[in-house]
Amino acid sequence: RTTAAARPRASRTSKYYGVYSPSRRGAKKFQARYRDASGHRITIGSFATEEEAARAYNTRLKNEGLESRRKVNKVDEAGRLVEKPKKPAAPRPELPESERKSKYLGVNYRKLTRNFMARYTNASGKQKTIGCYVTQEEAGFAYNNAITSNGLESLRKLNKVDSAGRLIPKP
């Protein structure tokens, strides 16, 4: 028996707008969904092919008058659906092991997204995420700002700052 981490994760997105492949697959494996004018997610239905789902999505947007407010799948002269443009992949380079270890309090390296996440624990003991940053220095300053703005200086340690305003790495 394989664990969930060992199984490859199937892509849940489609090559068309408004079409998704749900995690639980029945006889029909593609869903068409859109957001109505008030922002609520509406499921149109389940379809056997991506093309059927994309055409249903286009039809529903046209009927609801949302063509100008939502992305619509383009159709060429022959009546075939045109795939949505692919996002250019520009991943950040992997940092060497020595730079992945954070030098500052409240900062962790996220290997998946290759950035630094700033987090703190509030007065009631809950972890709060401040945000993700390209450099650990930015994340360290964000951590300090969150601690001071929430009045937690007496409960949590701050990253030390030198006279020039730079963070001092933890020992």
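Residues numbered from 1 in each chain as written. Predicted model: local features only at pLDDT ≥ 70, side-chain atom pairs only at ≥ 80, totals over all residues. Heavy atoms only, no water.

Visitor: How should the pattern of salt bridges be read in this particular structure?
Guide: For side chains bearing opposite charge, pairing can occur when the charged atoms are close. Applying the stated criterion across every chain, the model contains 4 salt bridges. Measuring nitrogen to oxygen at the nearest pair gives 3.7 Å for the salt bridge that ties Lys86 to Glu83. (Salt bridge = Lys/Arg side-chain N within 4 Å of Asp/Glu carboxyl O.)

Visitor: Please explain the sheet that holds strand β4 (residues 107-110) as it appears in this structure.
Guide: Backbone-to-backbone hydrogen bonds join strands into a sheet, with any given pair of strands oriented parallel or antiparallel. The 3 strands lie next to each other as β4-β5-β6, forming an open sheet whose pairing is antiparallel. With partners counted over all chains shown, the strands left at the sheet margins are β4 and β6 (127-133), one partner each. Ignoring which end each strand starts from, the neighbouring axes of this sheet average 30° apart. Sheet topology places strand β5 (residues 115-121) next to β6; 6 bridges connect them, and they run antiparallel. Looking at the pairing, Met117 lines up with Cys132 of β6. Running at roughly 20° to β5, helix α3 (residues 136-149) makes contact with β4, β5 and β6 of the sheet. (Pairing = 2+ DSSP bridges. Helix = DSSP H or I, 4+ residues; strand = E, 2+ residues; numbered from the N terminus. Axes fitted to C-alpha atoms, helices over the stretch in contact; angles between N-to-C directions. Contact = heavy atoms within 4.5 Å.)

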